[in-house]
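What the coordinates show
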Amino acid sequence: MERMKICVLKGDGIGPEIVDQALKVLKAVCDASGIKLELDFALLGGIAIDQTGEPLPQQTIDKCKASDAVLLGAVGGEKWDHLPARPEKGLLGIRSALGLYANLRPAKIFPALKTASPLKDSVIGEGVDILVVRELTGGIYFGEHNRKTENGMEIGYDVMQYSTAEVERIAKTAFELARKRNHKVTSVDKANVLEVSRLWRETVIRVHEEYRDVELNHMYVDNASMQLVRNPAQFDVIVTGNMFGDILSDEASMISGSIGMLASASLGVGSLGLYEPIHGSAPDIAGKGIANPLATVLSVAMMLRYTFSLEKEADAIEKAVELSLNHARTPDIKSEDLPVYCTEQMGDFLAKTVRELLA
Ligand SMILES: NC(=O)c1ccc[n+]([C@@H]2O[C@H](COP(=O)([O-])OP(=O)(O)OC[C@H]3O[C@@H](n4cnc5c(N)ncnc54)[C@H](O)[C@@H]3O)[C@@H](O)[C@H]2O)c1
Ligand SMILES: CC(C)[C@H](C(=O)O)[C@@H](O)C(=O)O
Ligand SMILES: [Mg+2]
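Being a predicted model, the structure only gives us computed values, none of them experimental. (Residues numbered from 1 in each chain as written. Chains lettered and ligands numbered in written order. Predicted model: local features only at pLDDT ≥ 70, side-chain atom pairs only at ≥ 80, totals over all residues.)

**Digging into the site of ligand 1**
- Not every one of the 22 residues close to ligand 1 is listed here, only the nearest: Gly76, Gly260, His279, Gly280 and Asn292.
- Here the residues of the shell around ligand 1 are counted per class, giving eleven nonpolar, seven polar and four charged. (Near = placed C-beta within 6 Å. Nonpolar A, V, L, I, M, F, W, Y, C, P; charged D, E, K, R; others polar.)

**Some thoughts on the environment of Lys352**
- Tracing the chain through its elements places Lys352 in helix α12 (residues 343-358).
- For the pair Lys352 and Val300, spaced 52 residues apart in sequence, the C-alpha separation works out to 16 Å. (Helix = DSSP H or I, 4+ residues; strand = E, 2+ residues; numbered from the N terminus.)

**Focus on the packing of helix α1 (residues 15-33) against helix α10 (residues 294-306)**
- It is the contact of α1 with α10, at a shortest axis distance of 8 Å, that shows an interaxial angle of 40°. Overall, the two elements α1 and α10 adopt an arrangement that is oblique. Judged by the sense of rotation from one axis to the other, the crossing of α1 with α10 is right-handed. Taking contact as the criterion, the partners of Ile18, Val19, Gln21, Ala22, Val25, Leu26 and Val29 in α1 are, on α10, Thr296, Val297, Ser299, Val300 and Leu304. (Axes fitted to C-alpha atoms, helices over the stretch in contact; angles between N-to-C directions. Parallel < 35°, antiparallel > 145°, perpendicular 65-115°, else oblique. Left-handed = near helix turned anticlockwise from the far one by under 90°. Contact = placed C-beta atoms within 7 Å.)

**A look at unusual backbone geometry**
- Backbone geometry at His183 places phi at a positive 55°, although glycine is not the residue there.
- Within the fold, His183 resides in the loop between α6 (164-179) and β8 (184-189).
- With phi around 50°, Ser309 is a residue other than glycine that occupies positive phi space.

**Some remarks on the sheet that holds strand β12 (residues 273-277)**
- On the basis of which strands lie adjacent, the open sheet formed by ten strands has the order β2-β1-β3-β12-β11-β4-β5-β10-β8-β9 and mixed pairing. Where the open sheet ends on each side, the last strands, each with one partner, are β2 (36-41) and β9 (215-220). Strand-to-strand, the axes of this sheet are offset by a mean angle of 25°, without reference to chain direction.
- Note: strand β11 (residues 263-267) against β12, four bridges, orientation antiparallel. Of the residues in β12, the one forming a bridge with Ser264 is Glu276.
- Sitting on the sheet, α6 touches β4 (102-108), β5 (129-135), β8 and β10 (237-240), and the angle it makes with β5 is about 165°.
- Against the sheet, helix α7 (residues 195-208) makes contact with β8 and β9, and its axis sits at roughly 165° relative to β8, the strand it touches most. (Pairing = 2+ DSSP bridges.)

**Structural notes on α10**
- Along its 13 residues, α10 runs 18 Å from first to last C-alpha, staying within 8% of the 18 Å computed at 1.5 Å per residue.
- Among the 13 residues of α10, eleven are classified as buried, and the element is accordingly described as predominantly covered.
- Every buried residue of α10 is accounted for by Leu294, Ala295, Thr296, Val297, Leu298, Ser299, Val300, Ala301, Met302, Met303 and Leu304.
- Against α1, β3 (69-74), β11, β12, α11 (311-325) and α12 lie the buried residues of α10. (Expected span 1.5 Å × (residues − 1). Buried ≥ 20, exposed ≤ 12 C-beta atoms within 10 Å, placed from the backbone.)

**Focus: the UniProt feature "site: Important for catalysis" (unreviewed entry) in the chain**
- Annotation from UniProt places "site: Important for catalysis" (unreviewed entry) at Tyr141 and Lys190.
- Turning to its location among the elements, Tyr141 is positioned in the loop between β5 and β6 (145-150).
- In this structure Tyr141 touches Leu92, Asn242 and Met243, once residues within four positions along its chain are discounted.
- Topologically, Lys190 is positioned in the loop between β8 and α7.
- Judged by the 18 C-beta atoms lying within 10 Å of it, Lys190 is partly exposed.
- With residues near it in sequence (within four places) discarded, Lys190 still touches Ser197, Tyr220 and Val221. (UniProt positions renumbered as here; feature names shortened; annotations may be inferred.)

Here you go:
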């Protein structure tokens, strides 16, 4: 491959700090592999509201569509929380505008981080390697959100719906991915209460007929959230709706030691993918230089793997992350016997290590 064009959406809070580190690593990969890297920068979230009045300017959608892949930091912050056009609407908008219905969130424990996980060794066992496949452009996030007044009382409501077509395509994604892993899918729903979940479950069962080689089981979301901390090793692929996937992936991230470790890929019908850490803009630590950039760096590895099929280069980034964990740590995963690195130092170390690994 000769060139790659990436649209970069740094966003708010720690977004710019962590994206800058990921870009150092991406540049290192491109330099070492003779790939011409073209970067285009666009506005999303609070910074877009400040500069254009809206969280997702049309220009941002156009720039993303004109790129091979999108790298995103995070959006949001208290400053914009009172506005009707919140930064988060921009995030949902770009996912929807690009048709990115499948959000892949891998949660695994790097061996060096076993001690950072709040789970006991006896629970972690041989290790944990879960892939949360979260439906990203439907469900309660995209139903009507509104308020009404009844009997003088204000009522807020959010409509949750899924069509069979939406469930079918995310179920297929999950089964296909399970075939490349350990052939096991757990579909998480709330079918004991919600009609949407009953349709979800029926549809997943029907799609499964074409994937008999993959084991399928179903779990209610309350049980699944408990099982994730009781025995995470039982999971391979978890497929679930938009809101349950949001919550379960944050929970799964802690198994890895920190939310600063969890990367994600959002994929859709075309080849365009959006890559972002699962965490938010972390306003409490923004500007302090202490954010963990590893989730964003690992998102670049996912980009190289899913959009560009650059396996060797993706492996090199993951290896560099593994080596970094034995070398130094950001404060969220600090270890008594290792130096604490700031965000920048971690980015520099990773870029240098990637260059060495690909030399
Ligand atoms: N994809 C996104 O852009 C995204 C995701 C989640 C939340 N948000 C937004 O971010 C803002 C803050 O949300 P929140 O506080 O609930 O969640 P958050 O993920 O931003 O932060 C939760 C906690 O985790 C810590 N944390 C997060 N990322 C970290 C990192 N890389 N290194 C070290 N520590 C890290 C934070 O300091 C904080 O204590 C809100 O506006 C929210 O809507 C955006
Ligand atoms: C900020 C918010 C809209 C977003 C979501 O819920 O999808 C975030 O929590 C995430 O996980 O990417
Ligand atoms: Mg979330």
